Amino acid sequence: MDLIECTMDAPTHTRSPSRLPPVTRVQMDDYVPPKIACAWLGKPVVSVAQFDTASLECVATWSRALLSYSRATNKLTTTTYHHATAPLLPCCSELFAVSSFLKAAVEANTVPPLMRGKMLANVFYEASTRTMCSFAAAAQRLGGGVLPVSASSSSVKKGETLQDTMRCLECYADVLVLRHPVKGSAAIAAKYCENPVLNAGDGAGEHPTQALLDCYTIFSELGHLSGVTITMVGDLKYGRTVHSLSRLAALYGGVKLQLVSPAALALPQYVLDQIEACKCADLEITISETLSDEILAATDILYVTRIQKERFPSPEAAAPFLNAFIISPETLGKMKESARVMHPLPRVGEILEACDADPRAAYFRQMRNGMFVRMALLALATAEADTKSACM
Ligand code: ASP
């Protein structure tokens, strides 16, 4: 039986001065998060392994309920279904339809208070701007409350284990979001908590809610995901967003993944094996160390990532890769007019600001989409019992 220490994946040079929550004496491989299997409600979201295209598409009843939400009674009903407020994107998932509905509602200032009386514990043991703030904004826009928790402000400083901290927080919160530097930590939290835990990034492991918002952005920008050529550039070894997005995109037909990185930062074999295990039959993968003109010309989505220097064994080990790929207006000049550039952000020089005015630069739209997708996920995670039964 292998026992893990919290230091397993967390490089020493970037660890915060406060102690990280120990996750010792827990087997990492004895918890498998439940398949969503067309029933999102109340389930943790730990890994994209939980998703299938049907699950993305089969929250239809929930979407219908949302689309026919009655402000007068503050009740969700499933009696009518109309597309007037948010036309459904062709072939796309109903989760994304919920996101579109909520996007329109935010813009019209008519957001239904679906989290009224509900509390989110927003637990961040690693730096975050977008994920932390978009979850907090999402909960508050839905009328819910937020408990912000960081390593420096919690009993982690006294040596409390992650599972104890999370079990404590679920006494006060209906849904928990966790970012933690150790791969596998979200699975441990989900294993011990009864309330849903949403993985907001577990070390170099996964970032499933980012993958959902990335797919939503591709749908919003291109209208479909099937048949799309996605070029992933940068640190594919430590970049958890590409680990999740590559697996999620592989579920769609005709997708081509062009993986571009220095050899030392290639997509790990275990991720390639996971893709192989779940991919659509006609998925195509190419691997390259250079972002050639040919690769750029074939690209529909250029997904740029930063070198994850905090995950390298030392700052010196990361140094040779820091400027490995820089996207400039000249790079964009080699791409289709219909292509899009995405980045999970923060960027630290990989995309020049001179690219921002190009209509193909979708990274700020992508960032904004994060809030709508997370509103949809929180609404699903905290739905009332009667709504749950109506939607399951
Ligand atoms: N914000 C993303 C993440 O948390 C990407 C990054 O940090 O580079 O993984």
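Rules of the game
- Residues take numbers from 1 onward in each chain, read along the sequence in its written order.
- Residue-level local features of this predicted model are given only where pLDDT is at least 70; pairs of side-chain atoms are given and counted only at 80 or more, and the full residue set underlies all totals for whole chains, interfaces and linings.
- Two strands pair if DSSP finds at least two bridges between them.
- Helical segments are the DSSP runs of H or I of at least four residues, strand segments are the runs of E of at least two, and each set is numbered from the N terminus.
- Each axis is a line fitted through C-alpha atoms, and for a helix only the stretch in contact is used; angles between axes span 0 to 180 degrees, taken between their N-to-C directions.
- By the convention adopted here, residues make contact when the C-beta atoms placed from their backbones lie within 7 Å.
- The nonpolar core is taken to be a set of buried Ala, Val, Leu, Ile, Met, Phe, Trp, Tyr and Cys residues joined by way of C-beta atoms within 7 Å.
- Partly exposed residues are those falling between the two cut-offs: more than 12 but fewer than 20 other C-beta atoms within 10 Å of their own, whereas 20 or more means buried and 12 or fewer means exposed, with C-beta atoms placed from the backbone.
- Convention used here: angles under 35 degrees read as roughly parallel, angles over 145 as roughly antiparallel, angles from 65 to 115 as roughly perpendicular, and any remaining angle as oblique.
- Each helix crossing is assigned a hand: it is left-handed if the near helix lies turned anticlockwise from the far helix by less than a right angle, otherwise right-handed if that turn is clockwise.
- When residues are grouped by polarity, Ala, Val, Leu, Ile, Met, Phe, Trp, Tyr, Cys and Pro land in nonpolar, Asp, Glu, Lys and Arg in charged, and all others, Gly among them, in polar.
- A residue's pLDDT is the predictor's confidence in that residue, given on a scale from 0 to 100.
- To be clear, the arc concerns the directions from the helix axis to the C-beta atoms.

(A) Quick look at the sheet that holds strand β8 (residues 301-304). Overall, parallel pairing links the 5 strands, which are arranged β7-β6-β5-β8-β9 in an open sheet. Edge positions in the sheet fall to β7 (284-288) and β9 (340-342), since each of these pairs with one other strand and no more. Taking the axes of each pair of neighbouring strands and ignoring which way they run, one obtains an average angle of 15 degrees across the sheet. Alignment of strand β6 (residues 256-260) against β7, held across 5 bridges, turns out to be parallel. The partner of Gln 258 across the bridge, within β7, is Thr 286. Against the sheet, helix α8 (residues 240-249) touches β5 (229-233), β6 and β8, its axis set at about 165 degrees to β5.

(B) Region of the structure containing the nonpolar core. Counting 103 residues, the largest nonpolar core has Leu 176, Ala 189, Val 197, Ala 249, Tyr 303, Ala 376 and Leu 378 as the members making the most contacts within it. A per-element tally of this core places helix α13 (residues 363-381) first, with 10 residues.

(C) Structural context of the sheet that holds strand β4 (residues 197-202). Spatially, 4 strands are ordered β2-β1-β3-β4 in an open sheet, and the strand pairing comes out parallel. Where the open sheet ends on each side, the last strands, each with one partner, are β2 (145-150) and β4. Here the average twist between neighbouring strands, direction ignored, is 15 degrees. Most of the contacts of helix α4 (residues 130-141) go to strand β1 (residues 119-124), to which it runs at about 175 degrees, and overall it touches β1, β2, β3 (175-180) and β4.

(D) Region of the structure containing unusual backbone geometry. Here Leu 345 and Pro 346 are connected by a cis peptide whose omega angle stands at 10 degrees. With respect to the element layout, Pro 346 can be found in the loop between β9 and α13. Although it is not a glycine, Asn 109 sits at a positive phi angle of roughly 55 degrees. A positive phi angle is found at Leu 345, which is not glycine, with a value near 65 degrees. Along the polypeptide, Leu 345 turns up in the loop between β9 and α13.

(E) Representation of the packing of helix α5 (residues 162-169) against helix α6 (residues 185-192) in the model. Between α5 and α6, the least distance of the axes is 9 Å, while the angle of their chain directions is 50 degrees. For the element pair α5 / α6, the angle class is oblique. Regarding α5 and α6, the two cross each other, and that crossing is right-handed. In contact with Leu 162, Gln 163, Met 166 and Arg 167 of α5, α6 contributes Ser 185, Ile 188, Ala 189 and Tyr 192. Within the contact of α5 with α6, the residues separate by chemical class into 5 nonpolar, 2 polar and 1 charged.

(F) Representation of the confidence of the model for the protein. Overall, the predicted model of the protein reaches an average pLDDT of 82, with 79% of residues at or above 70. Here residues 70-92 is modelled with pLDDT under 50, and outside its nearest four sequence neighbours on either side it reaches 39 contacts, counting other chains as well.

(G) Highlighting the environment of Lys 237. Here Lys 237 shows up in the loop between β5 and α8. The exposure class of Lys 237 is buried, given the 22 C-beta atoms found within 10 Å. If sequence neighbours within four positions are ignored, Lys 237 has contacts with Leu 265, Ala 266 and Pro 268.

(H) Local environment of α5. When we look at burial in α5, the residues that qualify are Leu 162, Thr 165, Met 166 and Leu 169. Burial along α5 is one-sided: seen end-on, the buried residues are contained in an arc of 95 degrees. Summarising the contacts, the buried residues of α5 are in contact with β1, β2, β3, α6 and β4.

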